[in-house]
Amino acid sequence: MHVAQAIESRRSIRDFLPTPVAPEVIRRVLTKAMRAPSGGNLQPWHLHVVGGERLDELKAIMKRRVAEAPQGDGDNEYDIYPPSLFSPYRERRYAVGESMYALLGVGREQRDKRLAWLTRNYQCFGAPLALFCSLDRRLGRPQWSDMGMLLQTIMLLLRAEGLDSCSQEAWSTYHKTVRSFLSLPDEHIFFCGMAIGHANPDAPVNRLVTERASLDETVTFLGI
C-alpha cells in the first residue's frame, strides 16, 4: 500500500471483528515502526501489546471496574482536553461526537445509551489486540510529541497490513487500573491505548469519516 493510501484510508474504527491478529504481523509492524523519528533519537516510548487470554482478563477487569467507578480511577495524570475547550476546537470535537451518535441512531437525550457506548472503549471495541503506551514521567512535552509520531507510524503500518486501529486516550481515565495490570514502574506515566484488528464492515459507526479543516484555515504560506 502506498503511504498516501494508508493515510487516506486510516480512521478510528470503533467496531472490530473477532478475527485474530497473527503475532508475526504485529511484530513486523512494530519492528518497522521503531524507525519513527524522535528528538535526539531518545526513542522515549514503552509499549505493551496484549492479546489472547490476557486481553480477555483485562476486559473482564474493566467491565467490573467501569461498573464500580464509571467516572474513572480519579487523580488523572493529564487532561485529555483543556478544561475549557474553546473555538474552533470545541466545535470540531462536538461535530465528530454528534456525527458518530447519528450513525449509531442515538439521540442527544439518550444519555444512558451514550454512556454505554463510551464504555466500549474499555472492551477495545471488540478488537482482539490492544497496545498500551507509557513513557518516563521525567521526560518533557517534546517526548510526548515523539510518542505521537510513533503511534501515527504504527497506525499507517497497520493499514499497510490490511488492519485497522483506534487510538484511545480514554484509557488514561483508568490509569491506576491499567498501571496495576501492566505492572508499570512508578516512574512511568501511562499515556493511551490502541485497539487493533479487522474493522467490522457491517457496523454503521465505521462509516464515520471526520472532516478536516482546509489549508486556508490551518496553513500560512510565506514566500511561495
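Residues numbered from 1 in each chain as written. Predicted model: local features only at pLDDT ≥ 70, side-chain atom pairs only at ≥ 80, totals over all residues. Heavy atoms only, no water.

So, about unusual backbone geometry. The omega angle of the peptide bond from Ser 87 to Pro 88 is 5 degrees, so this bond is cis rather than trans. Looking at the secondary structure, you find Pro 88 in the loop between helix H3 (52–68) and helix H4 (89–104). In the Ramachandran plot, Asp 75 falls in the positive-phi region, its phi being about 55 degrees despite a non-glycine side chain. Along the polypeptide, Asp 75 turns up in the loop between H3 and H4. (Helix = DSSP H or I, 4+ residues; strand = E, 2+ residues; numbered from the N terminus.)

On the surface, Leu 215, Val 219, Phe 221 and Ile 224 cluster together to form a nonpolar patch covering roughly 440 Å² of accessible area. Within the element layout of this structure, Leu 215 appears in helix H8 (residues 215–218). (Patch = residues over 30% accessible without salt bridge, like charges linked within 9 Å, V, L, I, M, F, W, Y side chains within 5 Å. Areas by Shrake-Rupley, 256 points an atom, 1.4 Å probe, with all protein chains shown as cover. Salt bridge = Lys/Arg side-chain N within 4 Å of Asp/Glu carboxyl O.)

This part is about the environment of Cys 133. Here Cys 133 lies in strand S2 (residues 129–136). Along the backbone, Cys 133 and Leu 47 are 86 residues apart, and their C-alpha atoms lie at a distance of 4.8 Å. Once you skip the residues sitting within four places of it in the chain, Cys 133 turns out to touch His 46, Leu 47, Met 147, Leu 151, Ile 189, Phe 190, Phe 191 and Cys 192. (Contact = heavy atoms within 4.5 Å.)

With that out of the way, let us pick up the packing of helix H2 (residues 23–33) against helix H6 (residues 141–160). The interhelical angle for the contact between H2 and H6, taken along N-to-C directions, is 135 degrees, at an axis separation of 9 Å. Between H2 and H6, the angle falls in the class oblique. You can see that H2 and H6 cross each other, and the crossing is right-handed. Facing Ile 26, Val 29, Leu 30, Lys 32 and Ala 33 of H2, the residues of H6 in contact are Leu 150, Thr 153, Ile 154, Leu 157 and Leu 158. (Axes fitted to C-alpha atoms, helices over the stretch in contact; angles between N-to-C directions. Parallel < 35°, antiparallel > 145°, perpendicular 65-115°, else oblique. Left-handed = near helix turned anticlockwise from the far one by under 90°.)

The subject of this paragraph is H6. Helix length check: H6 (20 residues) gives 29 Å between terminal C-alpha atoms against 28 Å at 1.5 Å per residue, within 8%. Taken together, the buried positions of H6 are occupied by Gln 143, Asp 146, Met 147, Leu 150, Leu 151, Ile 154, Met 155, Leu 156, Leu 157, Leu 158 and Arg 159. Buried residues in H6 make contact with helix H1 (3–9), H2, strand S1 (46–51), S2, strand S3 (164–168) and strand S4 (188–197). Of the residues flanking the end of H6, it is Gly 162, one or two places downstream, whose phi is positive at about 80 degrees. (Expected span 1.5 Å × (residues − 1). Buried < 20%, exposed > 50% of the residue type's maximum accessible area, 1.4 Å probe, protein only.)

Spanning 16 residues, H4 covers 23 Å between terminal C-alpha atoms, matching the ideal 22 Å at 1.5 Å per step. All buried positions along H4 are accounted for by Gly 97, Met 100 and Tyr 101. Each buried residue of H4 lies within a common arc of 95 degrees when the element is viewed along its axis, so the set occupies one face. Structurally, H4 contributes buried residues whose contacts are with helix H5 (111–119). Two residues or fewer past H4, Gly 105 is found with a positive phi of approximately 70 degrees. (Arc of directions from axis to C-beta.)

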